[in-house]
Amino acid sequence: MTVTEETAPASHYDRIGGASSVKAAVELFYDKVLADPELAGYFTDVEMAGQRRHLALMLTVVLGGPNEYTGRGLAEAHQPLNITVEHYAKVGEHLTATLTELGVPADILADVQTVLGQVQGQVVAAENRSGV
């Protein structure tokens, strides 16, 4: 590389280690969620291998990696589940705990938490939202 060449800043996806790190995060995250008695019921009839794949693809996009997600949108996938604000918050806590446990830097954690706030209305059932 010459001095005149510019390089794009590394994406969050690249900074945490790419696909293998996202996969590790998804595995640990779902271990936590499925062990949580308040949340496990949402996944009773879910084919978890596919679910894990979808989350890995979505998390990759959130972290600035390649966009290869072709599944349903957040609202379409989640609105029928009647998810409450409290359960959404618990999922966010499990995701934050997972990323923290895996050593994800604070600035990336903050960006993920911002995205969680931005998409809450698409995930939480309309009748369970207050002030939205």
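Residues numbered from 1 in each chain as written. Predicted model: local features only at pLDDT ≥ 70, side-chain atom pairs only at ≥ 80, totals over all residues. Heavy atoms only, no water.

Enquirer: It is not clear to me how the overall build of the protein should be interpreted in this structure. Could you clarify?
Expert: Of the regular secondary structure elements, the protein holds 6 helices and 0 strands. Beginning at the N terminus, the succession of helices and strands in the protein can be written as α-α-α-α-α-α. Projecting the C-alpha coordinates of the protein onto the three principal axes gives extents of approximately 55 × 30 × 30 Å. Looking at the 132 residues of the protein, the share that counts as buried comes to 33%. For the protein, contacts bridging at least 24 residues in sequence account for 73% of all contacts bridging at least 6. Total accessible area computed for the protein in this model is approximately 7,900 Å², and 55% of it derives from carbon and sulfur atoms. (Helix = DSSP H or I, 4+ residues; strand = E, 2+ residues; numbered from the N terminus. Buried < 20%, exposed > 50% of the residue type's maximum accessible area, 1.4 Å probe, protein only. Contact = heavy atoms within 4.5 Å. Areas by Shrake-Rupley, 256 points an atom, 1.4 Å probe, with all protein chains shown as cover.)

Enquirer: Looking at this model, I keep getting lost on the packing of helix 5 (residues 85-101) against helix 6 (residues 106-123). Mind explaining?
Expert: Helix-helix packing is described using two parameters, namely the angle between the two axes and the distance between the axes. Interaxial distance between helix 5 and helix 6 falls to 11 Å at its minimum, and their mutual angle equals 160°. Classified by the angle between their axes, helix 5 and helix 6 sit roughly antiparallel to one another. Seen along the crossing, helix 5 lies across helix 6 with a hand that is right-handed. Counted together, Val85, Tyr88, Gly92, Leu95, Thr96, Leu99 and Thr100 of helix 5 and Leu109, Val112, Gln113, Leu116, Val119, Gln120 and Val123 of helix 6 form the full contact between these two elements. Class assignment for the residues of the contact of helix 5 with helix 6 results in 9 nonpolar, 5 polar and no charged. (Axes fitted to C-alpha atoms, helices over the stretch in contact; angles between N-to-C directions. Parallel < 35°, antiparallel > 145°, perpendicular 65-115°, else oblique. Left-handed = near helix turned anticlockwise from the far one by under 90°. Nonpolar A, V, L, I, M, F, W, Y, C, P; charged D, E, K, R; others polar.)

Enquirer: Please explain the packing of helix 2 (residues 19-35) against helix 5 as it appears in this structure.
Expert: Two elements in contact, helix 2 and helix 5, have axes separated by 9 Å at closest approach and are oriented at 135°. What the angle tells us is that helix 2 and helix 5 run oblique. Crossing geometry of helix 2 relative to helix 5 is assigned as right-handed. From helix 2, Ala25, Leu28, Phe29, Lys32 and Val33 reach across to helix 5, where they touch Val91, His94, Leu95, Ala97, Thr98, Leu99 and Glu101.

Enquirer: What am I meant to see in the side chain of threonine 98 here?
Expert: Mapped onto the fold, threonine 98 is located in helix 5. Of the residues examined, threonine 98 reaches a relative accessible area of 0% and is grouped as buried. Sequence-distant contacts of threonine 98, defined by excluding residues within four places in its chain, comprise Ala25, Leu28, Phe29 and Lys32.

Enquirer: Explain the pattern of salt bridges to me, please; I cannot follow it from the model alone.
Expert: Side-chain pairing between opposite charges can occur once the charged atoms of the two side chains come close. Applying the stated rule across the entire model yields 6 salt bridges. With its nearest N and O atoms 2.7 Å apart, the salt bridge here joins arginine 15 to aspartate 107. With arginine 15 in helix 1 (residues 12-16) and aspartate 107 in helix 6, this residue pair connects regions lying 92 residues apart in the sequence. We classify arginine 15 as partly exposed; its relative accessible area is 39%. For aspartate 107, a relative accessible area of 36% corresponds to the partly exposed category. (Salt bridge = Lys/Arg side-chain N within 4 Å of Asp/Glu carboxyl O.)

Enquirer: Would you mind going over the environment of glycine 50 with me for this structure?
Expert: Relative to the helices and strands, glycine 50 is located in helix 3 (residues 48-62). Taking the C-alpha atoms as reference points, glycine 50 and glycine 71, separated by 21 residues in sequence, lie 10 Å from one another.

Enquirer: I tried to follow the environment of valine 85 on my own but got confused; where do I start?
Expert: For valine 85, the position within the fold is in helix 5. Exposure remark for valine 85: the relative accessible area of 26% places this residue in the partly exposed category. Sequence spacing of valine 85 and arginine 129 is 44 residues, and the spatial spacing of their C-alpha atoms is 6.7 Å. Excluding residues within four positions of it along the chain, valine 85 makes contact with Gln120, Val124, Asn128 and Arg129.

This is a description of form; function is not addressed.
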